[in-house]
Amino acid sequence: MQRRAQREQPERAKRLTRVLVCAAAVPVMLVTAGCSSDSGSDDGGGSKAASASASASPSPTVQAAAYRTLPEACGVLTKKTLKELAPKAKSGKEGSSDDVASRASCSWSSLDNNGVKGSQFRWLNVSLLRFESDTTRGPGDKLAEEYYDKQVREVRATPGAKSLSAQALTGTGDEATAVRYDLKKKEGTFKQQTVVARVENVVVTLDYNGAGLAGDKTPDTDALMADAKKAAKEAVLSVTRANGPGAASGSPSAPASGRPSAPPSKAPSASASGRN
């Protein structure tokens, strides 16, 4: 019996060892499975976080336009200036516009009729066009600069223009060009003066022409140009004043409004066809 008990003790010890080993293996497997499960969860969460971060990225921004409005077109010139340039004009004729804060124009027609001694005719027109900043098209001042260049080219290419000359002006906005030429019509020879100026994101086009009709003398071209330059400076100053002090000092970058500015094709035209 003693020998049998001695033989069974090693057997029981072996069985107990195997049980303990198996029992110890179970937590290890559970831990391994748990780690594997957590790792998969982290991967999924990381992808979602990256996706959310990408979708929450800030929208493209562009420098806000300096000027947000336009002055009343028929009020950009003083009464004194209007009296000098268009003495017989009773009032200005406002051009049609679906958004006067972006585009506006006004014209004055003056006829000093002296009967058999002839007549003096004057026609004055001011057009204003403001460009908004846009994330796809660019800052408002750059869009205005492009339109300014286009406008000057169109004026210089006026069909039928004779004795045409152009000069850059200083002291009239950020940039300005004055163009003069003669244009013959059945009523007589018209002396045309056009000043195109840009101030920040606004383009001002001023047309001024004069003619001596029914045998009256032709007006002095230099005098007409001097008057046109003076009027253009006043119009530019009116644009600046309409937007308040400090409007052109620069605004911090901000999301564009998304509202497109008026395309050049819809702007008040300064082409020969629109002039008297």
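The text that follows walks through the structure, step by step, so that each part is easy to find. Every chain begins its residue count from 1, and numbering advances along the sequence as written. For a predicted model such as this one, the threshold for reporting local features is a pLDDT of at least 70, and the threshold for listing and counting side-chain atom pairs is 80 or more; totals across whole chains, interfaces and linings nevertheless cover every residue. Working from all heavy atoms in the structure, the side-chain values ignore hydrogens and water.

### A closer look at the overall build of the protein chain
Rules: Working definition: helices are DSSP H or I runs of at least four residues, strands are E runs of at least two. Numbering for both runs from the N terminus. Contact criterion: two residues are considered in contact whenever any of their non-hydrogen atoms come within 4.5 Å of each other. Computed with the Shrake-Rupley method and a 1.4 Å probe, the accessible areas treat only the protein chains shown as cover for residues.
Regarding its fold elements, the protein chain presents four helices and nine strands. Ordering the α and β elements of the protein chain from the N terminus gives α-β-α-β-β-β-α-β-β-β-β-α-β. For the protein chain, the share of sequence-separated contacts (at least 6 apart) that also reach a separation of at least 24 residues comes to 65%. With the model as given, the accessible surface of the protein chain reaches about 15,700 Å², and the carbon-plus-sulfur share is 53%.

### Things to note about the packing of aromatic side chains
Geometrically, a pair of aromatic rings is defined through the distance of the ring centres and the angle of the planes. Which entries qualify depends on this criterion: A pair of Phe, Tyr and Trp rings is counted when the ring centres sit within 6.5 Å of each other, with Trp represented by its six-membered ring. The angle between the planes then sorts it: under 30 degrees is stacked, over 60 is edge-to-face, the rest tilted. Exposed residues in this analysis have more than 50% of their type's maximum accessible area, buried residues have under 20%, and partly exposed residues fall in between, with area computed by a 1.4 Å probe over protein chains only.
This model, assessed by the stated rule, comprises two aromatic pairs. Geometrically, the ring pair formed by phenylalanine 121 and phenylalanine 190 is edge-to-face, given 6.0 Å between the ring centres and 80° between the ring planes. Residue phenylalanine 121 is found in strand E4 (residues 119–130), and its partner phenylalanine 190 is found in strand E7 (residues 188–199); the two are separated by 69 residues along the sequence. For the pair phenylalanine 121 and phenylalanine 190, a shared accessibility class is recorded, and that class is buried. Aromatic pair phenylalanine 131 and tyrosine 147: ring centres 5.7 Å apart, planes at 45°, arrangement tilted. With phenylalanine 131 in the loop between E4 and helix H3 (140–156) and tyrosine 147 in helix H3, the pair connects residues that are 16 residues apart, well separated along the chain. Exposure remark for phenylalanine 131: the relative accessible area of 1% places this residue in the buried category. The exposure class of tyrosine 147 is buried, given its relative accessible area of 5%.

### Comments concerning the pairing of strand E5 (residues 162–169)
The side chains of a regular strand alternate between the sheet's two faces. Note the cut-off: Here the rule is simple: two strands pair whenever DSSP picks up at least two bridges between them.
By the bridge criterion, six bridges tie E5 to strand E6 (residues 175–185) in an arrangement that is antiparallel. From the neighbouring strand, leucine 169 faces E6, where its bridge partner is alanine 176. As consecutive antiparallel partners, E5 and E6 are separated by five residues, and within that stretch glycine 171 has a phi angle of approximately 80°, a positive value.

### Observations regarding the side chain of glutamate 132
Note the following rule: N or O atoms within 3.5 Å of each other form a polar contact, as long as, within protein, one can give a hydrogen and the other can take it, and as long as residues adjacent in sequence are counted only when both atoms are side-chain atoms.
Counting through the fold element by element, glutamate 132 comes out in the loop between E4 and H3. A polar side-chain atom of glutamate 132 sits 3.1 Å from a polar atom in the side chain of arginine 130.

### A short note on H3
This is how it is decided: One less than the number of residues in a helix, times 1.5 Å, gives the span that helix is expected to have.
Compared with an ideal rise of 1.5 Å per residue, which puts 17 residues at 24 Å, H3 spans 24 Å between its outermost C-alpha atoms and is within 8% of the ideal. The inward-facing, buried residues of H3 contact E4, E5, E6, E7 and strand E8 (202–213).

### Re the pattern of salt bridges
Filter applied, for reference: When a carboxyl oxygen of Asp or Glu lies within 4 Å of a side-chain nitrogen of Lys or Arg, that pair is called a salt bridge.
Taken as a whole and judged by the stated rule, the model has ten salt bridges. In this structure, glutamate 154 engages lysine 150 in a salt bridge whose closest nitrogen and oxygen atoms are separated by 2.6 Å. Pair noted here: glutamate 154 and lysine 150 are both in helix H3, with a separation of four residues, about one helical turn. With a relative accessible area of 38%, glutamate 154 lands in the partly exposed category. Among the ionic pairs, lysine 191 bridges to aspartate 182, the shortest N-O distance being 3.0 Å. For the pair lysine 191 and aspartate 182, a shared accessibility class is recorded, and that class is buried. One salt-bridge network, in which partners are shared between bridges, spans Lys80, Glu84 and Lys230.

### Quick notes on the sheet that holds E5
Operational definition: Each axis is a line fitted through C-alpha atoms, and for a helix only the stretch in contact is used; angles between axes span 0 to 180 degrees, taken between their N-to-C directions.
Sheet architecture is open: seven strands sit in the order E2-E3-E4-E8-E7-E6-E5, paired in antiparallel fashion. One side of each edge strand has no neighbouring strand; the edge strands of this open sheet are strand E2 (93–94) and E5. Bridge count between strand E3 (residues 103–113) and E4: eleven bridges; the pairing is antiparallel. Bridging across to E4, cysteine 106 finds its partner in valine 126. Each of E4, E5, E6, E7 and E8 is contacted by H3, which is oriented at about 165° to E7, the strand it contacts most. Relative to the sheet, helix H4 (residues 221–242) contacts E4, E5, E6, E7 and E8, its axis offset from that of E7 by approximately 30°.

So, to be careful, I would describe these as geometric facts and stop short of saying anything about function.
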